[in-house]
Amino acid sequence: MRRRYTIHRDGDLLVEELDAEGKAIDPEPVPPEDRLPVELVVTAPDTEEGRAQMLDLLDLALGIETEGPPPNPNGPAKFKLPVIS
């Protein structure tokens, strides 16, 4: 499964299914000049599991963009030594 996500100037999300060559199967009737210069193409196996993983990835990306990255349990804070005064 291949999908292209673009954003219309009025804020609408445009979703298009793509063929193997990357051309829209049923293109949105929106000219390129009305789209913002943001485009995301996602490729996943055309199975239930592939679709679920793709949605999980997009959900994770949205969470990172809106809330910031999750804390890294193996990050530098793990190796800090306690300060003894």
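Residues numbered from 1 in each chain as written. Predicted model: local features only at pLDDT ≥ 70, side-chain atom pairs only at ≥ 80, totals over all residues. Heavy atoms only, no water.

A. How the structure looks around the overall build of the protein chain. When you go through the protein chain residue by residue, the secondary structure sums to 1 helix and 3 strands. Each helix (α) and strand (β) of the protein chain, taken in turn from the N terminus, gives the series β-β-β-α. Out of the 85 residues in the protein chain, the part that is buried amounts to 19%. Residue pairs in contact within the protein chain that sit at least 24 positions apart in sequence constitute 43% of those at least 6 positions apart. As displayed, the protein chain has an accessible area near 6900 Å², and 59% of this comes from carbon and sulfur atoms. (Helix = DSSP H or I, 4+ residues; strand = E, 2+ residues; numbered from the N terminus. Buried < 20%, exposed > 50% of the residue type's maximum accessible area, 1.4 Å probe, protein only. Contact = heavy atoms within 4.5 Å. Areas by Shrake-Rupley, 256 points an atom, 1.4 Å probe, with all protein chains shown as cover.)

B. Main features of the side chain of His 8. By the element assignment, His 8 lies in strand E1 (residues 2–8). Within the structure, the side chain of His 8 is placed 2.9 Å from the side chain of Asp 10, a separation counted as a polar contact. (Polar contact = N/O pair within 3.5 Å; in protein donor to acceptor, adjacent residues only side chain to side chain.)

C. Layout of the pairing of E1. By the bridge criterion, 6 bridges tie E1 to strand E3 (residues 35–43) in an arrangement that is antiparallel. Across the sheet, residue His 8 finds its bridge partner in E3, namely Arg 35. Where E1 meets strand E2 (residues 13–17), 5 bridges bridge the pair, whose relative direction is antiparallel. When the bridges of E2 are listed, Arg 3 appears paired with Glu 17. (Pairing = 2+ DSSP bridges.)

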